[in-house]
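Coordinates in review
Each chain, letter by letter, is given below.
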Amino acid sequence: MKTGKGRIAILLSGRGSNFEAIYKNSLKTDSLFEIAVVISDKKKARGLATAGEYGLPAYFIRPRDYLSKHEYEESLISVLEKYNIDLICLAGFMRIISPTLIRRYQNRILNIHPSLLPLFPGLDAQKQAIDAGVTESGCTVHVVDEGVDSGPVIMQAAVNVNKDDTAESLSARILSEEHRIYSEVINLYFLGKLKIEGRKVKILT
Ligand code: GRF
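Residues numbered from 1 in each chain as written. Predicted model: local features only at pLDDT ≥ 70, side-chain atom pairs only at ≥ 80, totals over all residues. Heavy atoms only, no water.

All right, on to the side chain of serine 17 then. Residue position: serine 17 is located in helix α1 (residues 17–26). A polar contact of 2.9 Å, which involves the side chain of serine 17, links it to the side chain of histidine 179. If we skip the residues at most four places from it in the chain, serine 17 touches Leu175 and His179. (Helix = DSSP H or I, 4+ residues; strand = E, 2+ residues; numbered from the N terminus. Polar contact = N/O pair within 3.5 Å; in protein donor to acceptor, adjacent residues only side chain to side chain. Contact = heavy atoms within 4.5 Å.)

Given below as structure tokens:
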């Protein structure tokens, strides 16, 4: 059914808690978007099973079935085009995206990362924050470019790092902020309020 809402694709590899939060927000009456398809590179990803339970189109596309990253991403693109996707939301998708996908969806791929970028990119960002002894960390929604967690920052939320925090306790506190700001950014995107100017994203009021 065509509702006129923005159509997003979720790409994930695991638990899928950000996907669940985005899905729940998409059901709100004032939501400007709907999840049109969920794609995973891992057959056993819990998020993929959840998508099935929600009755959403859910695809497992196995990278090793393809000879190259380019061919793999062409296969992703064929699914994204089938579902007329406006915006791709990476939500715990553990692969580096190549120019094949980025150039096809220029400035239309978002990611959430569990640190205040540009600090602590890459894996185990929460542990990196603990090990660095910082007193504040958080999460970042950013535009995906060809680097690792290096694209323009759209929105961040900060949390305190306590002296007795472990990577797990800090992750949990950051995660609830992730669940809040990702949907907020997606709504702003479909309101047309995000203006990307080089390395900076302006939020129009
Ligand atoms: C989150 O911490 C997110 O910031 C990072 O990967 C994790 C995914 O968690 N990119 P989930 O699968 O959404 O629960």
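The environment of the ligand is made up of Arg15, Gly16, Ser17, Asn18, Gly92, Ile112, His113, Pro114 and Glu178. Separating an oxygen atom of the ligand from a backbone N or O atom of glycine 16 is a distance of 2.8 Å. Look at the ligand: alone it shows 370 Å² of surface, and the protein chains cover 86% of it. Put simply, the parts of the chain that give the shell around the ligand at least two residues each are α1 and β5 (109–113). Across the shell around the ligand, the residue classes tally to 2 nonpolar, 5 polar and 2 charged. (Near = heavy atom within 4 Å. Areas by Shrake-Rupley, 256 points an atom, 1.4 Å probe, with all protein chains shown as cover. Nonpolar A, V, L, I, M, F, W, Y, C, P; charged D, E, K, R; others polar.)

The next subject is α1. By the criterion of burial, α1 is predominantly enclosed, with 9 of the 10 residues buried. Taken as a whole, α1 has its buried residues at Ser17, Asn18, Phe19, Glu20, Ala21, Ile22, Tyr23, Asn25 and Ser26. (Buried < 20%, exposed > 50% of the residue type's maximum accessible area, 1.4 Å probe, protein only.)

The next thing to look at is the pattern of salt bridges. For the coordinates displayed, the defined rule picks out 14 salt bridges. The shortest N-O distance in the salt bridge between arginine 7 and glutamate 34 comes to 3.4 Å. Of this pair, arginine 7 sits in strand β1 (residues 6–12) while glutamate 34 sits in strand β2 (residues 33–40); the two residues are 27 residues apart in sequence, bridging distant segments of the chain. Classification of glutamate 34 as buried rests on a relative accessible area of 19%. Salt-bridge contacts for lysine 42 lead to aspartate 41; the nearest nitrogen and oxygen are separated by 3.9 Å. A relative accessible area of 4% places aspartate 41 in the buried class. (Salt bridge = Lys/Arg side-chain N within 4 Å of Asp/Glu carboxyl O.)

Pairing within the open sheet is mixed, and its 7 strands lie in the order β3-β2-β1-β4-β5-β6-β7. The open sheet has two edge strands, β3 (58–60) and β7 (153–160), and neither has a second partner. Each neighbouring strand pair of the sheet contributes to a mean axis angle of 20 degrees, computed without reference to strand direction. Sheet topology note: the strand β6 (residues 136–143)/β7 ladder contains 7 bridges and is antiparallel. In the strand pairing of β7, glycine 138 is matched with alanine 158. (Pairing = 2+ DSSP bridges. Axes fitted to C-alpha atoms, helices over the stretch in contact; angles between N-to-C directions.)

For the rest of this paragraph, the subject is the environment of leucine 119. Among the secondary structure elements, leucine 119 is positioned in the loop between β5 and α5 (125–132). Separated by 49 residues in the primary sequence, leucine 119 and histidine 70 place their C-alpha atoms 29 Å from one another.

Across the interface, α5 lies against helix α6 (residues 167–190) with an axial gap of 9 Å and an inter-helix angle of 120 degrees. Comparing their axes, α6 and α5 come out oblique. Remark: the crossing between α5 and α6 carries right-handed chirality. Residues Gln126, Lys127, Ala129 and Ile130 of α5 form the contact with α6, whose own contacting residues are Ala167, Leu170, Ser171 and Ile174. A class-by-class count of the residues in the contact of α5 with α6 yields 5 nonpolar, 2 polar and 1 charged. (Parallel < 35°, antiparallel > 145°, perpendicular 65-115°, else oblique. Left-handed = near helix turned anticlockwise from the far one by under 90°.)

For residues that are not glycine, phi is negative in most cases, and the peptide bond is trans in most cases. Residue leucine 117 is joined to proline 118 through a cis peptide bond whose omega torsion reads 10 degrees. Structurally, proline 118 can be placed in the loop between β5 and α5. Positive phi, close to 60 degrees, is recorded for asparagine 107, a residue that is not glycine. In this structure, asparagine 107 sits in the loop between α4 (99–104) and β5. Residue asparagine 107 is classed as partly exposed on the basis of its relative accessible area of 33%. Within the chain, aspartate 149 stands out as a residue other than glycine whose phi angle is a positive 55 degrees.

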